[in-house]
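Structure at a glance
Each chain, written out:
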Amino acid sequence: MGYHQRMMVMVQDSSDMGEETRQCLEERIAADQRAMTRLLEVGHLCVRADSRFEDCLAGILEAAIALTGADKGNIQLLDVASGSLVLAAQRGFDKPFLSFFANVRPGEAATCGAALKTAKRIVVEDVRQSEIFEGQPALDVLIEAGVRAVYSTPLISSAGEILGMLSTHFDTLHRPREGELQLTDLLARQAADYLERKRAEEALRSLATELRQTTHTLATGLTHCSRDLRYVWANPAYAELAGVPLEHIVGRPIVDVMGEEAFETIRPYIDRVLKGERVEYEAELPWSAHSPNWIHVVYAPYEEHDASISGWVASVTDISERKRAEQRQQLLLSELNHRVKNTLATVQSIAVHTLTGSSGMDSRESFEARLIALSRTHDLLARTSWEGASLRELLLQELDPFRSADGAPLTVEGPDFEIWPKTALALGLALHELATNAAKHGALSTVGGKVCVTWDISGPLEEGTLRLKWRESGGPPVKKAERRGFGLTVIERSLSLELDGRVELDFAPTGLVCEMEIPLRNAERRHVG
Amino acid sequence: MSAEQRGDSLCGLRVLLVEDEMMVALLLETMLTDLGHQVAGPVARLEKGLEMVEREAIDLAVLDVNINGRDVYPIAAALEARGIPFIFATGYGSAGLHPAYCDRPILQKPYRSDELKAAIGRVCDRSRSR
């Protein structure tokens, strides 16, 4: 029977009763009204947003003690991890009781333990007579605390889970009055609702915190946009990508934040996601706030409960670095291909010119020697990733084989310079031809012959001229070449074409002299460290 | 065009060479001479090439696409303006060519003498049919 029905029965019955009974009944009605007021007050306390949790528990406990006429009482909360009840609020107890019953497991020798185990209210009218406490140390603790009777009411959630326990304790034997248990049930219902709401709020809060922590530490830009093309929400990484402060993003139209041009770029993808399609794309986005960057984007439709699409969620990653690396790689590959093709054409040229007009072992050796000279210059250039080559090293490299072969004296003198790869390749071949010629017919072909290579720079560093002189002496008498051989052509051409310079060959009887003049244009020369 | 011959009998043209790699230029020069043509240049600089287009009597040009890090297109434009046919020679292949010129004959380095000859035949036919 519900509370109101019971009141009705009592009022109907009051018509033909004695004055004493009537007075008693009026007192009962007044008491019930006080109880209802009390319940209402507790209800108000628990729904107020500024109420503290402890104050609400204390309010519920006070009301329980007042409604049941108890002397003491406590509220315990279920610790989900351990499955035991933990004291959360109490009134009227001292330390021995509080520490003994600090944690109560299901079925433990306590009224609340029994109520926890059965998930039902347990009423103990006399602790000395109860089976629960028979022969248990808990009994002594209760008696010491002055408890004679107790009842515990489980606080049960709407899903049927036990959230906690409301217990009231009496100094004397106690049998619950009529209506007392119903009032307790009402209060317990209120308390359970309150705990359930607090638990849900806590879960929501921790979820929100977790979400916030996650999205704020994520390097990926995240944003939620609405169908009316505004930002609902964005994370700091997105704000950084956009180059706009976060507070200037949320709530604003997308076009205002990223600019007209960028918005037009993403517009077709927005149309698709709003039709319910998951969209993934890469684009170079011309943000209005900063220079364009490459982004990788995933759009997922934002579905409402009724399956309508109210907007979309976007994850945006800056892939500019990756794109740059890809472009660099593409450029390098194309450059490599170009270089290989040019080198092959160079080898083709050497082959054609070496193998035409001469024959047998001689031409084969010349061909090999020229290829090796070319390859050595490549080695030199590879060391600087094809940035340039040191002039001195290039000279030494070409001349060293002849020096070690017969110990012919070589002099190499001049300030070191880094020369352009193309210059190095041409000069390398020219020097090879000079050295080969000297070894075959000139100063390096006899004992006592000498080759002296000197160079200097005239004029200012930026637009000066490199003058390099190859002078042979002590060799056999020089005869002017009858036929313009490949070597000679290479020497002359290497300078006139590639280096835009001049070359003079003097077949002096005392030894060949080759003078080169190479204009040092700004881009073609760098000082070696 | 100073030569009236066609196809296989085409010879005696004055050919401008724009090529910055000495050995490659040397090879092309030899090939052209063997095919019976005269060589103007070779030149390895843009300014020099433009000067030659302007001043010298040229029937045909073979252009390296990249000369000392610069695009050869200004020379191509100058040749086009004078109605002089030209052939690109490049290590990059047709993908490396500016879209405006992608229908022009290309010699992919390295190339053989008969490929050069065929390319010369094509551009001369083409310029004559205009």
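To keep things clear, this report deals only with the structure shown in the data block.

Reading guide: rules and limits
- Residues numbered from 1 in each chain as written.
- Chains lettered and ligands numbered in written order.
- Predicted model: local features only at pLDDT ≥ 70, side-chain atom pairs only at ≥ 80, totals over all residues.
- Helix = DSSP H or I, 4+ residues; strand = E, 2+ residues; numbered from the N terminus.
- Buried ≥ 20, exposed ≤ 12 C-beta atoms within 10 Å, placed from the backbone.
- Contact = placed C-beta atoms within 7 Å.
- Nonpolar A, V, L, I, M, F, W, Y, C, P; charged D, E, K, R; others polar.
- Expected span 1.5 Å × (residues − 1).
- Core = buried A, V, L, I, M, F, W, Y, C linked by C-beta atoms within 7 Å.
- Pairing = 2+ DSSP bridges.
- Axes fitted to C-alpha atoms, helices over the stretch in contact; angles between N-to-C directions.
- Parallel < 35°, antiparallel > 145°, perpendicular 65-115°, else oblique.

When its secondary structure is counted, chain B shows four helices and seven strands. Its helices and strands in sequence order give chain B the pattern β-α-β-α-β-β-β-α-β-β-α, from N to C terminus. Taking all 130 residues of chain B together, the buried fraction comes to 43%. Taking the contacts inside chain B whose residues are at least 6 apart along the sequence as the reference set, 58% of them involve residues at least 24 apart.

This part covers the overall build of chain A. A count of helical and extended segments in chain A gives 15 helices and 19 strands. Relative to its full complement of 529 residues, chain A shows a buried share of 31%.

Taken residue by residue, the interface counts 21 residues in chain A and 17 residues in chain B. At the level of secondary structure, the elements contributing two or more residues to the side of chain A that touches chain B comprise helix H11 (320-355), helix H14 (421-440) and helix H15 (486-498) of chain A. No other element matches H11(A), which puts 13 residues into the side of chain A that touches chain B. Here the residues of the side of chain A that touches chain B are counted per class, giving six nonpolar, 10 polar and five charged.

Residue and element names in this part refer to chain A. Helix length check: helix H2 (residues 19-47), at 29 residues, gives a terminal C-alpha distance of 42 Å against a target of 42 Å (1.5 Å per residue), a fit within 8%. For H2, the complete set of buried residues consists of Ala-35, Val-42 and Cys-46. Those residues of H2 hidden inside the fold are in contact with helix H3 (53-68) and helix H7 (180-217).

Let us now look at the nonpolar core. One finds Val15(B), Val18(B), Ala61(B) and Leu63(B) to be the most contacted residues of the largest nonpolar core, which totals 76 residues. Among the elements that make up this core, the one with the highest residue count is H14(A) (10 residues). Apart from residues lying up to four places away in sequence, Val18(B) is in contact with Gly41(B), Pro42(B), Val43(B), Gly49(B), Ala61(B), Leu63(B), Asp64(B), Ile67(B), Val72(B) and Ile75(B). Residues Cys56(A), Ile75(A), Ala110(A) and Ala192(A) belong to the second largest nonpolar core, which totals 45 residues.

The linkage connecting Gly41(B) with the following residue, Pro42(B), adopts the cis geometry, with an omega of 0 degrees. Note on placement: Pro42(B) falls in strand S2 (residues 38-43). The amide bond that connects Lys109(B) to the next residue, Pro110(B), takes the cis arrangement and shows omega of -10 degrees. Looking at the element boundaries, Pro110(B) is found in the loop between strand S7 (106-108) and helix H4 (113-128). At Ala119(A), a residue that is not glycine, the phi angle is positive and equals roughly 60 degrees. Secondary-structure assignment places Ala119(A) in the loop between helix H5 (111-118) and strand S4 (122-124). One non-glycine residue, Leu229(A), lies in positive phi territory at about 65 degrees. Mapping Leu229(A) onto the fold places it in the loop between strand S7 (221-226) and strand S8 (231-234).

Below, the discussion takes up the sheet that holds S7(B). Residue and element names in this part refer to chain B. Reading across the sheet, the five strands line up as S2-S1-S3-S6-S7 and stay open at both edges, with parallel pairing between neighbours. The open sheet terminates on both sides in strands that have one partner only, identified here as S2 and S7. Here the strands of the sheet are splayed against their neighbours by 20 degrees on average, with no regard to which way each runs. Across four bridges, strand S3 (residues 60-64) lies against strand S6 (residues 86-90) in parallel orientation. Across the sheet, the residue bridging to Asp-64 is Ala-89, located in S6.

The next point concerns the packing of helix H2 (residues 46-55) of chain B against helix H3 (residues 73-81) of chain B. All names here are of chain B. Where H2 meets H3, the closest approach of the two axes is 9 Å, and the angle between their N-to-C directions is 5 degrees. Accordingly, the angle class assigned to the pair H2 and H3 is roughly parallel. Residue-level contacts link Leu-46, Gly-49, Leu-50 and Val-53 of H2 to Pro-74, Ile-75, Ala-78 and Leu-79 of H3. Among the residues forming the contact of H2 with H3, the class breakdown is seven nonpolar, one polar and no charged.

Across the sheet, six strands lie side by side as S3-S2-S1-S6-S5-S4 (chain A); this open sheet has antiparallel pairing. What marks the edges here is a single partner per strand, and that holds for strand S3 (103-104) and S4 of chain A.

Here we come to the packing of H2(A) against H3(A). Residue and element names in this part refer to chain A. Running from N to C, H2 and H3 point in directions that differ by 170 degrees, and their axes come no closer than 9 Å. Looking at the two axes, H2 sits roughly antiparallel to H3. Contacts from Ala-35, Arg-38, Leu-39, Val-42, Leu-45 and Cys-46 in H2 reach Cys-56, Gly-59, Ile-60, Ala-63, Ala-66 and Leu-67 in H3. Its residues placed into classes, the contact of H2 with H3 shows 10 nonpolar, one polar and one charged.

For the rest of this paragraph, the subject is the pairing of strand S5 (residues 149-156) of chain A. Residues and elements named next belong to chain A. A large share of S5 lies buried, amounting to seven of its eight residues. The pairing of S4 with S5 spans three bridges and is antiparallel. Across the sheet, residue Val-123 finds its bridge partner in S5, namely Tyr-151. Relative to strand S6 (residues 162-170), S5 is paired through eight bridges, and the arrangement is antiparallel. Within the sheet, the bridge partner assigned to Pro-154 lies in S6 and is Met-165.

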